[in-house]
Amino acid sequence: MVTVTGAQLTEQFADFISRIQKATSTIELEAIDLEAFGKKSGVYTLLRKSLGNIPDVEERKKSGERFNHDARRVEQALEDRRSDLKILELNERLQTETIDVTLPARAETQGKIHPVTQVIEEITAIFADMGFSVAEGPDIESDEMNFDKLNIPESHPARQMHDTFYLQGNSNNPGGDGKTLLRTHTSPVQIRTMKAGKPPFRFIAPGSTYRCDSDITHTPMFHQVEGFVIDKNIHMGHLKGCIIEFLKAFFELDNVPVRYRPSFFPFTEPSAEVDIGCTRSREEIKIGAGADWLEVMGCGMVHPNVLRNCGLDPNEWQGFAFGMGVERLAMLKYGIPDLRTFFESDARWLKHYGFDALAIPSLIGGL
Ligand code: PHE
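As the structure is a prediction and not an experimental result, all values here were calculated from the model.

### Concerning the overall build of the protein chain
A tally of regular secondary structure across the protein chain gives twelve helices and twelve strands. Relative to the compact-globule value of 21 Å for 367 residues, the protein chain shows a C-alpha radius of gyration of 38 Å, a clear excess of over 25%. If one aligns the C-alpha atoms of the protein chain with their principal axes, the spans along those axes are about 115 × 55 × 45 Å. Put simply, the protein chain has 367 residues, and 40% of those count as buried. A separation threshold of at least 6 residues defines the contact pool for the protein chain, and within that pool the share at least 24 residues apart is 65%. Of the roughly 21,000 Å² of accessible surface on the protein chain, a fraction of 53% belongs to carbon and sulfur atoms.

### Thoughts on the domain arrangement of the protein chain
Segmentation of the protein chain into domains returns domain 1 (6-96) and domain 2 (115-353). One C-alpha centre belongs to domain 1, the other to domain 2, and the line joining them spans 78 Å.

### Structural notes on unusual backbone geometry
Put simply, Pro199 and Pro200 share a cis peptide bond, and its omega is 0 degrees. Here Pro200 shows up in the loop between α8 (188-196) and β5 (201-210). The step from Glu269 to Pro270 runs through a cis peptide bond, and the omega angle for that step is -5 degrees. Residue Asn151 is not a glycine yet carries a positive backbone phi of 70 degrees. As for its position among the elements, Asn151 is in the loop between α6 (143-146) and α7 (157-161). Although it is not a glycine, Asn233 adopts a positive phi angle of roughly 60 degrees.

### A short note on the packing of helix α3 (residues 43-51) against helix α4 (residues 57-96)
Contact pair α3 / α4: the axes reach a minimum separation of 10 Å and the direction vectors enclose 165 degrees. Between α3 and α4, the interaxial angle falls into the category roughly antiparallel. Like other packed secondary-structure pairs, α3 and α4 cross with a definite hand, here left-handed. When α3 is examined against α4, the residues Tyr44, Leu47, Arg48 and Leu51 are found in contact with a partner set consisting of Arg60, Ser63, Gly64, Phe67, Asp70, Ala71 and Val74. A per-class count over the contact of α3 with α4 returns six nonpolar, two polar and three charged.

Scoring rules and cut-offs
- Residues numbered from 1 in each chain as written.
- Predicted model: local features only at pLDDT ≥ 70, side-chain atom pairs only at ≥ 80, totals over all residues.
- Heavy atoms only, no water.
- Helix = DSSP H or I, 4+ residues; strand = E, 2+ residues; numbered from the N terminus.
- Rg over C-alpha atoms; globule rule 2.2 N^0.38 Å.
- Buried < 20%, exposed > 50% of the residue type's maximum accessible area, 1.4 Å probe, protein only.
- Contact = heavy atoms within 4.5 Å.
- Areas by Shrake-Rupley, 256 points an atom, 1.4 Å probe, with all protein chains shown as cover.
- Domains from an automatic or database assignment.
- Axes fitted to C-alpha atoms, helices over the stretch in contact; angles between N-to-C directions.
- Parallel < 35°, antiparallel > 145°, perpendicular 65-115°, else oblique.
- Left-handed = near helix turned anticlockwise from the far one by under 90°.
- Nonpolar A, V, L, I, M, F, W, Y, C, P; charged D, E, K, R; others polar.

As structure tokens, then:
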């Protein structure tokens, strides 16, 4: 039978308190805690159980009080030392562990850059090298910016051709006024930038565009990059040179056959569509000299009406504009066969066609 004596208690108590105060780590402290209060064989756990074995009532009561007092003090000592040690250990870690914030990020990133983003970055790098800045405009446009100011009046057949998404009524636009729409091209950025600044202008405007069209070669949302130059004495030769330089840099070819085919856009006159030489086989299209041609963008000299609509005198200022489809260029350059896969958010597709987040396109580092 186990009995407790006062001397035993005193001895245990003094021993625990001194060891707790001397403990130098939380691990050491937890070991003492276990030794004192462990469920199975903790010293105080066993002592509490044995209290009932003291035959004398008075003595049992006294020992009980003494026990409670001691156990509480030991618990308190553990707690105090625990919080002291936490601070000490933190300070020690702060002093010994350092991180070099100047170290480069790790290369093994998991995420990938979407080909649309990549191609926009590439296009931007090429035009930045030619002195173009980047302009932006909103995806939700007015019919005035998207059409009227671009010399596309209401009755113009081009409005039908654009398959426009008009915004339905909402709290901002009750009933839908037929005036707010999702931009069908990036050309309204021409108007916004001209109205906001003073010529000369030389910028590109990448962004999302929307048309109510969906089949194997069309998605309702796609991306364009607009190019725009206004200065004095700008002529079609500048347009041609600029686009040829761009195509050579983009496709990384020294010699790309380029053809300017007469076309029509209400906001340019004359207008042309740009074709590049290619070879088509059943499985793939190869860019470069070959038997076939492939359309890659629309362009032309900015129509005098567009300049007038933005308060510029067409006798003083002239320029050119072009617009290209980003997905189309991405498909050609990277051999991506199906347009719709761009927007399916399939992680396996992105892993295959995506780009390293740290390989930022530049003309020096490579596109
Ligand atoms: N905005 C035209 C389109 O979406 C492209 C274009 C831009 C043509 C600029 C000429 C000049 O089809």
